[in-house]
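Coordinates in review
Single-letter residue listing:
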Amino acid sequence: MLAAVAVAGCGGSDKEDGAPSHSGPASASRSAQPSGGSSGDAPASALASAKPSVSAADGRDAAACADGNCEIAVSEPVTVRFKGPAGPATLSVTEVGPNKVEYTVKSSGGRSQGEASGPGQGCITVLRDHGSANSCGRLGKDRPAAQPNAVVIQMTAGEDGTAILHIVSG
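Per-chain numbering applies: the sequence of each chain, read as written, is numbered from 1 onward. The predicted nature of this model means local features are confined to residues of pLDDT at least 70 and side-chain atom pairs, given and counted, to a pLDDT of 80 or more, with totals for whole chains, interfaces and linings taken over all residues. For the side-chain quantities, the full set of heavy atoms in the structure was used; hydrogens and water were omitted.

Next up on the list: the sheet that holds strand 3 (residues 70–74). Two strands form a pair only when DSSP identifies at least two bridges running between them. Starting at the N terminus, helices and strands are each numbered in turn, a helix being any DSSP run of H or I of at least four residues and a strand any DSSP run of E of at least two. A sheet is described by the order of its strands in space; here 5 strands give the open sequence 3-11-10-8-9, paired in antiparallel fashion. Each of the sheet's edge strands pairs with one partner strand only, and the pair in question is strand 3 and strand 9 (131–138). In this sheet, adjacent strand axes meet at a mean angle of 15 degrees when their direction is disregarded. Two strands pair when backbone bridges link them, and strand 3 and strand 11 (residues 163–169) are joined in this way by 5 bridges, in the antiparallel orientation. Bridge pairing in strand 11 links C70 to I167. Axes here mean lines fitted to C-alpha atoms, for a helix over just the part in contact, with angles spanning 0 to 180 degrees between N-to-C directions.

With that settled, the discussion passes to the environment of G84. Take G84: it is sitting in strand 4 (residues 78–84). Note: C-alpha distance between G84 and V151 (67 residues apart in sequence) is 6.3 Å.

See the structure below:
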C-alpha cells in the first residue's frame, strides 16, 4: 500500500496505526506498510565529513542514536541504525540541502518515506510495532515528545543545508 499526499498548503498522514498526525503545509509525505527491503545501507560511521554549522546535542554522531534517543546534525546522506519499537530500525537520509530533506525509515513495522522543502519545513514519523504514521510540513524548533510504545523521528531542514534529526523513544 502506498499513500501519497501533496496538497497545496495541507499536510497529511497515514493514520493506520492510530498515531496522532502533525499537520501543516506539506511538501510531500509517503508511507507504506511492510516490505522486504535489504540492509545494504552504508554504516552509520559513513556520516558526513562536512561540518554542519548548527549544533546538536549529540553533534554529528549517528551512533548516538543506537538506543533510540538522539539529536544529531546531518549535512549529507547518512544511514542511522536505532532501536525501534519492535526491534532494529534504519533511517536513511537520502538528500539534504538548503531547506530540503528527504529520508526513508525501515523497521519490522513497515517502511515510511518523508521529504520536505522550504524554510522551517520537515517531517515527523511515528513508528509503532504494527505500523507507522508520517507527516511533513512546517515544524517548530521544539524536540518531539515521547509517545508510549513508539519511536518519534523528527527531521527539520535548515536553510544552510544542515538538517537536525531527533529520535525519541517512549
